[in-house]
Amino acid sequence: MQPFELVRAPSPSDAAQLTKDEHTRLIAGGTNLLDLMKLQVETPSRLADISRLDCAEITDTPDGGLRIGALVTNTATAVHPRVRQDYPVLARAILAGATQQLRNKATTGGNLCQRTRCFYFTKIDQPCNKRDPGSGCSAIEGVAKLHAVLGTSDQCIATYPGDMAVAMSALDAEVHIMKEDGTERSVPVRDFHLLPGDTPWRENELGRGEMITAVTLPPPVGGAHYYRKVRERSSYAFALVSVAAVIEIEGGVFTRADLAFGGLAHKPWFDPAIGAVLLGKAADDALFDEAADVLLQSARGFGENDFKIPLARRTLRAVLTQAVEDAA
Amino acid sequence: MSTTRTENDGKARLDDMKQGVLGEPLPRIDGLAKVTGTARYAAEYPIDNCAEGVLVTSTITHGTVTRLDTQAALTMPGVIAVIDDSRLITRAVQGTAGEAPQQAPVTVCYWGQPIALVVAESFEQARDAAKRIHVEYDASPNPSLSPDDVTPEEQEDDTVSQGDLEQAMKDAAHSVDVRIATKGHASAAMEPHAAIADWDGEELTVHASLQMLNYNISELADALDIPEDKIRLIARFVGGGFGSKLGISPDVVAASLASIKLKRPVRVVLSRQQVFQCIMRRSETTQRLRLAATSEGKLIGFGHEALVSNLPGEEFCEPVLQSSHFMYRGENRELMLNLARIHRMTAGSVRAPGEAVGMPALEAAMDMLAEKSGVDPVQLRLMNIPDKDPENDLPFSSHKLAECLRQGADAFGWDAGPRKARQRREGEWWIGTGMASGARIHNTMESRTRVTLSADGTARVETDMTDIGTGTYTILAQMVAEMLGMDPAAVRVDIGDTRHPRGPGSGGSWGASSIGSAAFLACRAIREDLAARAGVAEEALDLRDGKVGGGRTLVDVLGGESLSHEGHYKPAKAQEEYTAAGFGAFFAQVRVNHFTGETRVDRMLGAFGFGRVLNRRTARSQFLGGLTWSIGTALTEALEFDPRDGHLVNCDLAEYHVPVHRDVPDLDVVLVEERDAIASPIEAKGIGELGMCGGAAAIGNAIYNACGARVLQFPITPDSVLASLPRDSCKLLREAGAMRGLA
C-alpha cells in the first residue's frame, strides 16, 4: 500500500469531480479496493470517502420499480422485503457471493465496479495487460481454470467475478451515473461492463468525472427466479459458471426467458438471442440444447477452462429443467 | 530435585488413580482467553519502540541476486534499514532439523524466496518500501519446474521388494493396477507466521508462532551463530500450525538479525501471500497402486509407488508409503518412492505428511478391488488385516482397525449388501456411500517437564511444549490433576517458553503422548515423595480432591513445603520391536449433481483406535478437524503452480479452497478406546493427524457409488467428475424415469 490522502466527498457531484484525477479512487465498503491497494495493484494517491453520502436507501420508483442506492450494502439489498418478493433472483445472487462479513460492507456501486480475480492481475510481478497495458496476458498460457470462454481477446481472458450484476443483467436494471456537473445519465446494466478487446483496462462505462448513484430495477417482472452458481466449494468461491434466470412458462411454452450468465466472460453475459430461441416454444431437451448452442456459439477455451463450455451447457439445462418442473 | 524415568513399569497406573478427570470432556482451560481475545499470539505483544519489518521476495525462479538497489527505499519516510545479511534463511526449516536451512539469500532457488528485510517505523512504510527495492538478477535459464521434467531419485530406504508382484498380478483372480494423482496442499493455518525479536545486548527474546521450541531454539542459534543460552523463545499461543511451523521460518531469523543490528525490537509478520509462497507446500504426488487378490479377495500382491518433488538440497520427501508398508497383507510386495528435484517452493510437512495423500490413493484402489471381486468394501479390508507387519514380521503394538471398521459400519448404518453405482437419486442429485480405512504411524519423542506441587496444594506444570490449538494445556492439567488427586482448576499450566524444560514439540501427532508421559513420570516421583511422608507405598497412595486416603489434606501432608520433579520421558527401546500406528475407518455419504458435477458431503463418520483418550472433547475435536481436512483433500484443496516460472498462483484463502462451514455436514466420531502400553507410558497414541489419513477416499468412493464417476485424482472437482461420468448416464437416468425433462 502506498501512502494516500483521505478526503471526504461532500456530495455525489463532488465525488464525481474528484475522479477527474486519475490518481483518485472513490471508496465505500473497500472490500475489493483495499485488498488491491495492499498488493499495490491499485496505487491511488487519494481516496475519496463516499460512504456517508445520501445514496444508501432503497426506494420505490414511480413506475413501481425499485431504486437501490449506490451505497446500499449487499446485505441490505438481499434482505429487503421488496427485493425478496419481487426480485428474488437478485437476493439469491447476492447471497451466493462472498461471505456475510463482506456483504455487510460491500455496496451496490462498488460491487458493480469490482475487479477481476485473475491470478496474474493481482500479482504485480507478472505481466498483465489490464494492470500494465502492453505487458502481455499471463493467463492465456498460464493457470486459467477460472478464466473466460466468451468474448475474450488476445489481450485478456479475465472474468468479471460478481454475482449481483449477473442477476441485475437478467432483470434489465439500469445504472444511474452522476456527472461532475450534477447531471445524470443512465446505462443498462447489460451494457455497463465491457469486453476486454484491445483495452482490457477499461472494464465498464464509468468515465472519469462520474460516480454511480443508484441502480433501478424495472417494475416487477413476475415469473420464476433462479440463480444457479456452480463451484467446487459451496460458499466463498467465485462462480465457475452461474446462471440468473427469470422464466415464465404457460401451458408448457416459454413466455419469458431472461437469462444472464456469470463466470464466462469479462462481463455478465446477456444475449437476447438465447431467450428468443426459447420463447413461444415447448420445453424439451432439444430446445435447451438449441439455447445453449446460441450461448456458446463463439465459445473458446484456453485448455484449463475448456470444461466451462460443457459446464455452461449443463448448467443452463439444469436451470431450464428446474423451471419446467416447477411450472408443472 | 530431578527424576529421570524413561520407561513404563508395565502397570496400567493411570487406571488406578482416583480423581477420575483424565479422559473426561473438560472444556479447554485456555478457551475463555481465546474466545475473548485475551490470549496473546506472537505478533500481539505490546512492546515499546518496536520497528516493523517486511520481507522482500524474489521475482525469479532460479539464479543469483547481483544487485540490491536500496537507495529509493532508504530515502522513504520512516524507513530505517534494509537487512540483507547472509544469515537470513531462504526457506522454512524442516521439522526436527535442529539446524539452519539454506541461508545466503543471494542464491535464489524458487520464485518468492525471501532475499532481504526492510525495516521501518510503521508496517505500512515497510510494506511499501519493500516494493521499491530494485533487485537485479542473473537468472538461470530453464530451471526444472515439473516433476515430469527430471529423472527422479529413488528413496532407497522406502524401497521394498518381496516375492514376485508381477507374477502375483498375473496369477490373481482379481487385480487392480491404477495411477492416482494428488495436488499439492498448503497448511493454511489461520495465524500467519510472525515474530517479534528483542535483543537487549545480552539476550535475544523472540515471540514467535512455532510448533517445536525445543528444536527451534537450536535452529535459530545456528542461523544467527550465537549460543542457545542467549536465546529465549516464547510461543504461548499458536494459531494453527499443521506442519508449517515445525521449523523456524524466515520471519524469525529476519526479525532477530534486524533487532541485533538496530538494537531495538523488530516485528516481522508474513503476508498471507508470503505464507503461501515461501513456507511449505505438500508435494503433489503421482502414485501407482497394484493389488493382486484371490477370488475371495485375499491380497497376494501389494504394490505402491509414488513420485513426489522438492527443491534441490532438501532432504524431506513426502512419505507417501509410510502406512502402506504394514496396512494390508500380501506376500508379494513392491514399494518405491521417487523424488523429483524441481524449483518450486520448499516441500515439507503439511498435515499428516505421507498418509494424508498415500492412504486415499490406496483406499481408492481398494474400492476398485472390492468392486472387481464383488466383496463388500468393509469385508475386503477386514479379511486383509495382517496379523503382523508384512514386511518385517514385527507385531503390532495394538491394532484396532477391525473394531473401527465394525463399529464404524454399525454407527454409520453401512449397507453390506451388493453394491452398484448409480442406484439412488434425489432430484438432480445422485446419492452414494463410500468407506475407507485409515492409518497413521505412531511416534513418541524425548520430553521433559517440571511438575511442582506447592505447599498450598496447587500444582504447576512447566515445559517449552506448545499448544497449537490441539488442547495441550488442558490434557496436561488433567494428567497432573489425575495423578495428584486434585481439581484440574488447581493446576497451572505454563508452557511455550524455552526457559522451561524441553518438551517434544507439537508435530507428528506425538505431542500428547510424549509430553503427557513426561508429566506422568514427574507426578509419579511426587507421589513417591508423598507416599513416604504419608507412610504408605506409592501404589497404595489414594489421592483425591486434595486429600490423602480421604483423610489428611495435601496441604497438611506437605507441611509448608513444595515438591518439584522433572519428568524425563525417553521412548523405550521396546518400541522398536513393534510396529505402532493409529487406525481408523471412514464412512461417507455424498451427493453428486447430475448436471454440474458438484459434490456435497451429506454426512461423514470416522471411528478411530488410538490408545487412551486423554480428553474426549479435545480428542473428538481433533478428529472433527481431520474429517474436515479429508473433505478438503477430497474436493477442494489444490495448489496451482505457474507452468513458466513455477510460482504458486493461488496464494490466499480466497483462492486456495479449504472447506467452509457449508461444505462440512454433521460429522460423527466414534472413539474406539484401547490401552497401548508399548506406545507410551500413558498408553496413548497419536491422534492429531489420523482423522485425515484415508478419509478423502471414503468421499471419492462414495462419488463413484453415487454417479459412476471414478475420478483418479484428488481433489475431485466438478470438471473432473463430469469428465469421468459414464457417457450413458443421461440415458440411464431417463430410463429410470427419475426426472421429468431431464437432458
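Predicted model only: the values in this text are computed from it and were never measured.

**Digging into unusual backbone geometry**
All names here are of chain B.
Now for step 1: Phe 714 connects to Pro 715 through a cis peptide bond whose omega is 5°.
Now for step 2: Relative to the helices and strands, Pro 715 is located in the loop between strand S28 (713–714) and helix H16 (718–724).
Now for step 3: Positive phi is not limited to glycine here, since Asn 49 has a value of about 60°.
Now for step 4: Its place among the elements puts Asn 49 in the loop between helix H1 (31–35) and strand S1 (51–57).
Now for step 5: One non-glycine residue, Asn 142, lies in positive phi territory at about 50°.
Now for step 6: Locating Asn 142 in the fold gives a position in the loop between strand S6 (134–139) and strand S7 (153–154).

**Digging into the domain arrangement of chain B**
All names here are of chain B.
Now for step 1: Domain boundaries assigned for chain B yield domain 1 (13–39 + 449–570), domain 2 (42–142 + 187–278) and domain 3 (374–443 + 577–735).
Now for step 2: Across the contact, nine residues belong to domain 2 and 11 residues belong to domain 3.
Now for step 3: Summed over both sides, the interface between domain 2 and domain 3 buries roughly 900 Å², with carbon and sulfur atoms accounting for 72% of that surface.
Now for step 4: At the junction of domain 2 with domain 3, the criterion picks out zero salt bridges.
Now for step 5: Scanning the region where domain 2 abuts domain 3 turns up two residue pairs in polar contact (both at pLDDT 80 or more).
Now for step 6: Considering only residue class, the side of domain 2 that touches domain 3 consists of four nonpolar, four polar and one charged.

**A few points about empty space enclosed by the protein**
Residues and elements named next belong to chain A.
Now for step 1: Counted by the stated rule, this structure contains six cavities of 30 Å³ or more.
Now for step 2: Of the volumes computed, that of the largest cavity is approximately 130 Å³.
Now for step 3: Along its surface, the largest cavity is lined by 14 residues, and Leu 146, Thr 159, Pro 161, Phe 238 and Ala 239 are the ones closest to its centre.
Now for step 4: For the lining of the largest cavity, the per-class residue count stands at eight nonpolar, four polar and two charged.

**Comments concerning the packing of aromatic side chains**
Residues and elements named next belong to chain B.
Now for step 1: This model, assessed by the stated rule, comprises 13 aromatic pairs over all chains.
Now for step 2: For the ring pair Phe 608 and Phe 623, a centre distance of 3.9 Å and an interplane angle of 0° mean the geometry is stacked. Of this pair, Phe 608 sits in strand S26 (residues 599–609) while Phe 623 sits in helix H14 (residues 616–636), placing them 15 residues apart in sequence. For the pair Phe 608 and Phe 623, one class covers both residues: buried.

About the thresholds
Residues numbered from 1 in each chain as written. Chains lettered and ligands numbered in written order. Predicted model: local features only at pLDDT ≥ 70, side-chain atom pairs only at ≥ 80, totals over all residues. Heavy atoms only, no water. Helix = DSSP H or I, 4+ residues; strand = E, 2+ residues; numbered from the N terminus. Domains from an automatic or database assignment. Contact = heavy atoms within 4.5 Å. Buried area = accessible area lost by both parts, 1.4 Å probe. Salt bridge = Lys/Arg side-chain N within 4 Å of Asp/Glu carboxyl O. Polar contact = N/O pair within 3.5 Å; in protein donor to acceptor, adjacent residues only side chain to side chain. Nonpolar A, V, L, I, M, F, W, Y, C, P; charged D, E, K, R; others polar. 1 Å grid on protein atoms, 1.4 Å probe; cavity = no way out; pocket = protein on both sides within 12 Å on 5 of 7 lines; lining within 4 Å. Points joined across faces, edges and corners; volume = space filled by probe spheres on them. Phe/Tyr/Trp six-rings, centres within 6.5 Å; stacked < 30°, edge-to-face > 60°. Buried < 20%, exposed > 50% of the residue type's maximum accessible area, 1.4 Å probe, protein only.

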